[in-house]
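# Residue-level structural notes
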Amino acid sequence: MAFGKTKNHRIITGLDIGTTKVCAIIGQADDEGNLSVLGMGSCPSKGLHNGQITEIGPTVDAIVRATEQAMEVANVPISEIYVGIAGDHIRSQNATAMVEIRHPMRGIDEKDRRRAIQKATEVSLPDDRALIHSIVQDFRVNGRRGIRNPVGLSASNLEVHTHLVMSGVDPINNIIRCIRRAGFRHPHVVLQSLASSMSVITPHERELGSVLIDIGGGTCDVAISADGAVQATVEIPVGGDRVTRDIAEVLNCSLSDAENVKKRTGCAWPELVERGRTFSLPVMGDYKRMQTFEETMLAEIVEARLEDLFQIVRRFIDSTEYKDRLYAGAILTGGSTLLQGITDVAERILEMKCRCGAPHGLKGFAPVVSSPIYATGVGLILYGMELDKQVNAQRRGMRRWIDYLVEMFVQ
């Protein structure tokens, strides 16, 4: 495959390996620093259960197909890959650390900032656990809270508050093994809820206090943000597949028929369904015989399962110190949020305003991926772009410090 030339911006691929699909999205920052989507590919996934890889072969095959589609559309090769991870093996906790400033009169420098963060990550991990994120919530200097960047401030000590995310080692190794077998190098592993939040939550919502609820096929990923940073996360091993199974069991139909009718006529709020409207499905094991149901019955099945899911989310929110501080409400994303009336169910259970979130502010193939289905894939690219910005800012800061020292000693 021959590839064309692109501008001198790093190309990043977001790879969403989900329970129902594998999606590859290729993106690049434009001259204004905004994300331009170059191409996208998607393939049904059959090698996962509840967000974890259970079969290597089918997963590798889906990754190959999705990435080939994306490269063909984008006309560029894939090099840098950011891949999402989810599942009930994920654990998270908040950690605090304090370090003494070696030269208080000179102020806090970048090394002091990094030392504080490193100290906060020095947790004792079991052999089957790996730290994948250390998210800075804020710094505290001289008793003052909410400091985003302490570099340059005068102080005798520096305190940092972080959110640590840990994953099972085996699930990470399985993801890496699949991506390598698909022909790509070692990927960057990112918590899916963190990635999704970057594509559907606005900075204003992150500052005010909000909860992201990403309902995928096998899992529901939840992340609470406040004061501009992630404060708490949790993985719930329940997703849209559970709704599909309930439909299949109650209506005595196949899983594929249940999934199709859910997507075609499913509704989460029975009051929105016209009374008396019906649909037909083949009887399980006897596809020549059809059975007819009212759409309100389907809606009641969907509503009941989503109520259970949002009750679990509600209990998690109530267990945190931010339950009364989520002024921006809940942002729902993921494929299941395409169900009509889902925000009505969420608002009733969570008792807060809710909206559905899709990637926004994109260029290039934006219309193709501007759907809740692609929130994680787009968010993975945005996560990579944000890391680039941070690295470049640190390099500029180091360059200014070197120029200062040269100026001091050369005179």
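To be clear, the structure that these remarks concern was listed above.
Residues numbered from 1 in each chain as written. Predicted model: local features only at pLDDT ≥ 70, side-chain atom pairs only at ≥ 80, totals over all residues. Heavy atoms only, no water.

Time to look at the side chain of Glu159. Among the structural elements, Glu159 can be located in strand β10 (residues 157–168). Here Glu159 is buried and forms no salt bridge, its nearest opposite-charge partner Arg140 lying at an N-O distance of 4.6 Å. Separated by 2.7 Å, the side chains of Glu159 and His161 make a polar contact. Residues contacting Glu159, with those up to four places away along its chain left out, are Thr96, Ala97, Met98, Asp138, Phe139 and Arg140. (Helix = DSSP H or I, 4+ residues; strand = E, 2+ residues; numbered from the N terminus. Buried < 20%, exposed > 50% of the residue type's maximum accessible area, 1.4 Å probe, protein only. Lys, Arg positive; Asp, Glu negative; His and termini not counted. Salt bridge = Lys/Arg side-chain N within 4 Å of Asp/Glu carboxyl O. Polar contact = N/O pair within 3.5 Å; in protein donor to acceptor, adjacent residues only side chain to side chain. Contact = heavy atoms within 4.5 Å.)

Strand order in the open sheet formed by five strands is β14-β13-β12-β17-β18, with mixed pairing between adjacent strands. One side of each edge strand has no neighbouring strand; the edge strands of this open sheet are β14 (229–236) and β18 (354–356). With direction set aside, neighbouring strand axes in the sheet form an average angle of 20°. Bridging between strand β12 (residues 210–215) and strand β13 (residues 220–226) involves six bridges; their strand directions are antiparallel. From the neighbouring strand, Asp214 faces β13, where its bridge partner is Asp221. (Pairing = 2+ DSSP bridges. Axes fitted to C-alpha atoms, helices over the stretch in contact; angles between N-to-C directions.)

Time to look at the pairing of β12. Buried residues dominate β12, accounting for six of its six residues. Residues Ser210, Leu212 and Asp214 point to one face of β12 and Val211, Ile213 and Ile215 to the other, with burial holding for every one of them. The turn joining β12 and β13, which pair antiparallel and follow one another in sequence, is formed by four residues. As defined by bridge partners, β12 adjoins strand β17 (residues 329–333) across five bridges and the pair is classed as parallel. Paired with Val211 across the bridge in β17 is Ala330.

Here we take up the nonpolar core. Of all hydrophobic cores here, the largest spans 57 residues; its most connected members are Leu15, Ile25 and Ile26. Among the elements that take part in this core, helix α1 (residues 56–74) stands out by supplying seven residues, more than any other. Counting 46 residues, the second largest nonpolar core, distinct from the first, contains Cys220, Leu298, Leu309 and Leu332. (Core = buried A, V, L, I, M, F, W, Y, C linked by side-chain atoms within 4.5 Å.)

Before going further, it helps to examine a nonpolar patch on the surface. Residues Val73, Phe365 and Val368 make up a contiguous nonpolar surface patch of roughly 230 Å² in combined accessible area. Relative to the elements of secondary structure, Val73 occurs in helix α1. (Patch = residues over 30% accessible without salt bridge, like charges linked within 9 Å, V, L, I, M, F, W, Y side chains within 5 Å. Areas by Shrake-Rupley, 256 points an atom, 1.4 Å probe, with all protein chains shown as cover.)

Attention now moves to the sheet that holds strand β11 (residues 188–191). Here we have six strands laid out as an open sheet, ordered β11-β6-β1-β2-β3-β19, and mixed in their pairing. Because the sheet does not close on itself, it has two edges, and the strands there are β11 and β19 (363–364). Pairing of strand β6 (residues 80–85) with β11 involves four bridges; the strand directions are parallel. Its bridge partner lying in β11, Gly84 is registered against Val190.

Here the focus is the pattern of salt bridges. A full pass over the atoms with the stated rule returns 23 salt bridges. Across the pair Glu207 and Arg148 runs a salt bridge whose closest N-O atoms are separated by 2.9 Å. Residue Glu207 is found in helix α5 (residues 203–208), and its partner Arg148 is found in the loop between β9 (144–147) and β10; the two are separated by 59 residues along the sequence. Between Asp227 and Arg325 there is a salt bridge; the shortest N-O distance is 2.9 Å. With Asp227 in the loop between β13 and β14 and Arg325 in the loop between α8 (295–318) and β17, the pair connects residues that are 98 residues apart, well separated along the chain.

Moving on, we get to the layout of surface pockets. Taken as a whole, the second largest pocket holds about 1,100 Å³ of empty space. In this structure, the second largest pocket is lined by 48 residues; those nearest its centre are Thr20, Gly216, Gly217, Asp241 and Glu259. Every element with two or more residues in the lining of the second largest pocket is listed here: β1 (11–17), β3 (35–44), β4 (48–49), β12, α6 (240–251), α7 (255–265) and α11 (375–410). Its residues assigned to classes, the lining of the second largest pocket comprises 14 nonpolar, 23 polar and 11 charged. (1 Å grid on protein atoms, 1.4 Å probe; cavity = no way out; pocket = protein on both sides within 12 Å on 5 of 7 lines; lining within 4 Å. Points joined across faces, edges and corners; volume = space filled by probe spheres on them. Nonpolar A, V, L, I, M, F, W, Y, C, P; charged D, E, K, R; others polar.)

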